[in-house]
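Geometric and topological summary
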Amino acid sequence: MVEMSAAMREFSRRADGGLSLQKCAACGAVQWPPRDVCGECWTDALRWEEVPPAGVVVASTMLHASMADFFRDRLPWRIAIVRLEAGPVAYAHLGDAAAPGDAVRLEARRDFKGRGVLIAQSLSGDEDDRKLAELISEKES
Ligand SMILES: [Zn+2]
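Residues numbered from 1 in each chain as written. Predicted model: local features only at pLDDT ≥ 70, side-chain atom pairs only at ≥ 80, totals over all residues. Heavy atoms only, no water.

**Brief notes about the sheet that holds strand β8 (residues 116-122)**
Note the cut-off: Strand pairing is assigned whenever DSSP detects at least two bridges linking the two strands. In this text, helices come from DSSP runs of H or I with a minimum length of four residues, and strands from runs of E with a minimum of two, each type numbered from the N-terminal end. The axes used here are C-alpha line fits, helices contributing only the stretch in contact, and every angle between their N-to-C directions lies in the interval 0 to 180 degrees. Contacts are assigned to residue pairs with any non-hydrogen atoms lying within 4.5 Å of each other.
Strand order in this closed barrel of 5 strands is β4-β5-β6-β8-β7, and the pairing throughout is mixed. The mean inter-strand angle of the sheet, taken between neighbouring strand axes irrespective of direction, is 45°. Where strand β5 (residues 77-84) lies against strand β6 (residues 89-94), 5 bridges are found, and the strand directions are antiparallel. In the strand pairing of β6, V82 is matched with A90. Contacts between helix α1 (residues 6-14) and the sheet are confined to β7 (103-110) and β8, with β8 contributing the most and set at about 50° to the helix.

Written as structure tokens, this is what we have:
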């Protein structure tokens, strides 16, 4: 069993609907994914900070295969690359109503394994996206 890094565990602990990311006190960079040091200047002067839960979909794709039972039962599954307003580019689970070029609302949530994940959804509202609701509510047995 692979353990999460300390930084990823802290992100997961905070992942309850807002968007809290590491910001470097030395150079000001906001980074994703969470790491032990700043990816820009390599200092460890990282602080957790709420950032705007907003971004733009750069690209999206549809997964048609997965090694994980959860996803295999729900294929196809949408994934996006999102440029966060706070700076970094991140992979996110993508709601059905959002397309490349669209502004999206982001949330950090814990998935069915308790891992912090990013979810991106259309501003026009696809809150009822069933698969995304299951992603953050189903508990793996
Ligand atoms: Zn830095």
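**Here's the deal with α1**
Counted only if it meets this: Exposure is judged per residue with a 1.4 Å probe applied to protein chains only, and the accessible area is read against the type maximum: over 50% gives exposed, under 20% gives buried, and values in between give partly exposed. Of all possible arcs, the one meant is that of the directions from the helix axis to the C-beta atoms.
Within the sequence span of α1, burial applies to A7, M8, F11 and S12. All buried residues of α1 lie within an arc of 135° about the axis, which places them on one face of the element. Packed against the buried residues of α1 are β1 (20-24), β3 (46-50), β7 and β8.

**Considerations on the side chain of S12**
Note the following rule: Counted as a polar contact is a pair of N or O atoms within 3.5 Å, where, for protein atoms, one must be capable of donating a hydrogen and the other of accepting one, and residues adjacent in sequence contribute only when both atoms are in side chains.
Along the chain, S12 turns up in helix α1. Within polar-contact distance, the side chain of S12 engages the backbone nitrogen of G116 at 2.7 Å. Leave out the neighbours within four places in its chain, and S12 touches M4, R110, G114, R115 and G116.

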